[in-house]
Amino acid sequence: MKPILEVKHLSKRYSINHIAGGYLSLRERMRKGLRFKRSDVEDFWAVNDVSFEVQAGESIGIIGRNGAGKSTLLKILSKITPPTKGKIIARGRMASLLEVGTGFHPELTGRENVFFNGSLLGMKRREIESKFEEIIDFSGVEKFLDTPLKHYSSGMQLRLAFAVAAFLEPEILVIDEVLAVGDAEFQRKCLGKMEDVSRSGRTILFVSHQLGMLGKLCKNALILEKGIIVKQGPSPEIINYYTQSLSSANDFRVGKIEPEKIFAITKVYPTNLAGELTSNFAHSEVIKLNLTFLARQQLNSTHLCISINNKNGQRVFSADRLLQNYKLGEQNLNEVSLVIPKSTLTPGDYSFFIAIHCPNVMGYDVKDQLCPITIYDNGSEFIQYENKWFYGDVFVKCGWEFKFNNNALK
Amino acid sequence: MVSQFTPIKAQPEYIVDAERRKLFDFQELWRYKELFYFFTWRDIKIKYKQTVLGFLWAVLQPLFMMIIFTLFFGRALNVPSQNLPYPVFVFSGLLLWNTFSSGLTNSANSMVSNAQIIKKIYFPRLVVPVSSILVALFDFLMAFILFIPLLIFYQQKVSITALWCWPSALVVCLIATMGPGTLLAALNVKYRDFRYVIPFLVQVLFFLTPVIYPVSVLKYPILQYIIVLSPMYAAIELFRQPLTGVDIQSTFLILSLSSSFLILFVGIFYFKRTEDFFADFA
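For the structure given in this document, a descriptive report is provided here. What you see is a predicted model, and the numbers here were worked out from it, not measured in a lab.

1. Regarding empty space enclosed by the protein
All names here are of chain A.
No. 1: Applying the stated criterion to the full structure yields two cavities of 30 Å³ or more.
No. 2: Approximately 50 Å³ is the volume found for the largest cavity.
No. 3: Together, Leu-97, Phe-162, Ala-165, Ala-166, Leu-168, Leu-173, Lys-193, Met-194 and Val-197 line the largest cavity.
No. 4: Going through the elements one at a time, helix H6 (154-166) and helix H7 (184-199) are the ones with two or more residues in the lining of the largest cavity.
No. 5: Per-class residue counts for the lining of the largest cavity are eight nonpolar, no polar and one charged.
No. 6: Space inside the second largest cavity adds up to approximately 30 Å³.
No. 7: When grouped by side-chain class, the residues that make up the lining of the second largest cavity number six nonpolar, three polar and one charged.

Listed below in structure tokens is the structure:
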């Protein structure tokens, strides 16, 4: 079977001075027309020789930093702007959602906006009419249907906008970041709807910074950097590669060991289970914090304490070990690894506090804010709250007890 | 609550190719026919939202203009009016002129005012300026309702030729509007200078078109030929013919019509040639 979408050597060039100038004035044009000067125009390839294929029913995620060309690529795919070179072959109806609520007008009522927006998105009038009930139901704004949109809260506007989009039925759906709207409850609803869409055999092209959501929705992904596809493949692999490349691992090393110190931390570095140096972890990954320290003497009641701080510097939890139980090599470097079990820390940024000390007596070596790490969500049960709601620093497996009493309501 | 998706049907493929671009795709326009309706409908709704008098404004505007022109040109300056009562003469002209001027202004600004939509979603861009002309057509119909009591009040005889003259006048008026409308809409996207040109242009054209005076006022034939080149000349003359009973000079009519069509072709050609890049400039 032929792929539902083929993109062949797609490129898009912009001239820098057009972008900087915003729009041309006629005077500029006339001046340029008289003097044939190309030197003040600099070419910029926003998308450069991009090729990929998508099979029917498959979904593909597009990842990249800001300015990597993601939005331009989506604009070309949605026919909003033409490519400078290359070709797109789409074998199906394509609809794009580069924004929710395109064409929403504050003076029009909710009902009127649903019709206009739906029509813009390519729905037929009859199609909108037949789905109207569902759309309103999904948005949850039925009470305000005949109120002008300007009296809606922004959350209500977004919900209504997404509801219209959610009932599109194209074979290929192009989505740019639009899931990043609304409260957690509505996000969950949207994600569910998107999964329905993808399960019904439709193809989704999804651009997002919410990697967890992207991983959940798309089987395959590609990374765009400076307009070029750097890597493509199965989503988990691509997301992993991307997060690794985002920030290089930051290990900590002491340049010179102070001679008077009895205990000195010399090296700290986080690795994954496979022993690879990294500072990005999936929430479901084991985090290993390795440290090397020098012990010039064996002292009683000396503890090694490692704490994890969240991004606000608050302590999340600590791990503590009495060192006298271990045979330490004097004048030698000792290696210790702390293993944090998978699904412990919730997505976010953390750093380490490490102390070798005798509690309440003496701190031999104390280091704070070491080895910042980032945890990302690759499909936790809290994924619908991603970037929306802070649900705590740790995952805890709790037990639930439900009691049902049908008579209570009577 | 979860809706059932309709099964996927085989779809014709569409191709976007940098090397080959279609200049005019009539089929596509036809597929988007509902969007013309929705854009027009939206603009009409918005235009009269939060106004107390609402649609009445469409009637009041030409009415006041008629009164002013009657006082100054009809009474004070005694401008001839092809044997019609001057108010009837001027109102019949203003009916079409207002359609043209508001249609032209609307469509010239339409691409810029809908830039947010154009940047985010694809549809045939021609829908935008054409729908904004259709909004002016709505105002025409409203004002036309006032025109009928005016005819009765002045006991104006209307020839049977009105049955075909009036509709064709309207069609000619739309063609005359669409040409400069699409041209200016496209130019305005690229060069915002045209924003300032449009009101000025409309004003100048108003005096260069026989709206408040008949062509016969002009003494020199050469001047008549120049005036007749105004695309709106044909529309207004066609509209007045059933009232005045004066035969239209066919050379004048042909000149005006050819100028209309020429501008229409130039306008649509330029619009289609530049529309691909609207999203980059808007």
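There is more to say, and it comes next.
2. Details of the sheet that holds strand E7 (residues 203-207) of chain A
All names here are of chain A.
No. 1: Strand order in the open sheet formed by six strands is E5-E6-E7-E3-E8-E9, and the pairing between neighbours is mixed. Each edge of the open sheet is held by one strand with a lone partner, namely strand E5 (94-97) and strand E9 (228-234). Averaged over all pairs of adjacent strands, the angle between strand axes in this sheet comes to 15 degrees, irrespective of strand direction.

3. A short note on the packing of aromatic side chains
No. 1: Scanning all chains against the criterion turns up 35 aromatic pairs over all chains.
No. 2: When the centroid spacing of 6.1 Å and the interplanar angle of 40 degrees are considered together, the rings of Phe-382 of chain A and Tyr-385 of chain A count as tilted.
No. 3: Here Tyr-385 of chain A falls in the partly exposed class, since its relative accessible area comes to 21%.
No. 4: Here Phe-153 of chain B and Tyr-154 of chain B contribute two aromatic rings whose centre-to-centre distance is 5.1 Å and whose plane-to-plane angle is 85 degrees, an arrangement assigned as edge-to-face.
No. 5: We classify Phe-153 of chain B as exposed; its relative accessible area is 64%.
No. 6: An aromatic cluster of at least three residues, connected via ring pairs, comprises Phe-69, Phe-73, Trp-97, Phe-100, Phe-206 and Phe-207 of chain B.

4. Observations regarding the pattern of salt bridges
Residue and element names in this part refer to chain A.
No. 1: A full pass over the atoms with the stated rule returns 17 salt bridges over all chains.
No. 2: Between Glu-127 and Arg-93 there is a salt bridge, and its shortest N-O distance comes to 3.8 Å. Residue Glu-127 is located in helix H5 (residues 125-139), and its partner Arg-93 is located in the loop between strand E4 (85-90) and E5; the two are separated by 34 residues in the primary sequence.

5. Looking at the interface of chain A and chain B
No. 1: Contact with chain A, which involves 60 residues of that partner, is made by 50 residues of chain B.
No. 2: Both sides together, the interface formed by chain A and chain B hides about 5000 Å², and carbon and sulfur atoms give 59% of it.
No. 3: On the chain A side of the interface with chain B, the three residues burying the most area are Lys-79, Ile-80 and Phe-116 of chain A, jointly 13% of the side's total.
No. 4: Summed over the shared surface of chain A and chain B, the result is seven residue pairs in polar contact (both at pLDDT 80 or more).
No. 5: Of all the elements in the fold, those that place two or more residues in the side of chain A that touches chain B are strand E1 (5-15), helix H2 (26-34), helix H3 (70-77), E4, E5, helix H4 (110-120), H5 and H7 of chain A.
No. 6: Looking at the side of chain A that touches chain B, the element that brings in the most residues is E4 of chain A, giving six residues.
No. 7: Considering only residue class, the side of chain A that touches chain B consists of 23 nonpolar, 16 polar and 21 charged.

6. Section: the sheet that holds strand E13 (residues 287-295) of chain A
All names here are of chain A.
No. 1: Spatially, E10-E11-E13-E16 is the arrangement adopted by the four strands of the open sheet, whose pairing is antiparallel. The open sheet terminates on both sides in strands that have one partner only, identified here as strand E10 (252-253) and strand E16 (332-340).
No. 2: Note that E13 and E16 share eight bridges and pair antiparallel. Bridged to Phe-293 within E16 is Asn-334.

What counts as what
Residues numbered from 1 in each chain as written. Chains lettered and ligands numbered in written order. Predicted model: local features only at pLDDT ≥ 70, side-chain atom pairs only at ≥ 80, totals over all residues. Heavy atoms only, no water. 1 Å grid on protein atoms, 1.4 Å probe; cavity = no way out; pocket = protein on both sides within 12 Å on 5 of 7 lines; lining within 4 Å. Points joined across faces, edges and corners; volume = space filled by probe spheres on them. Helix = DSSP H or I, 4+ residues; strand = E, 2+ residues; numbered from the N terminus. Nonpolar A, V, L, I, M, F, W, Y, C, P; charged D, E, K, R; others polar. Pairing = 2+ DSSP bridges. Axes fitted to C-alpha atoms, helices over the stretch in contact; angles between N-to-C directions. Phe/Tyr/Trp six-rings, centres within 6.5 Å; stacked < 30°, edge-to-face > 60°. Buried < 20%, exposed > 50% of the residue type's maximum accessible area, 1.4 Å probe, protein only. Salt bridge = Lys/Arg side-chain N within 4 Å of Asp/Glu carboxyl O. Contact = heavy atoms within 4.5 Å. Buried area = accessible area lost by both parts, 1.4 Å probe. Polar contact = N/O pair within 3.5 Å; in protein donor to acceptor, adjacent residues only side chain to side chain.

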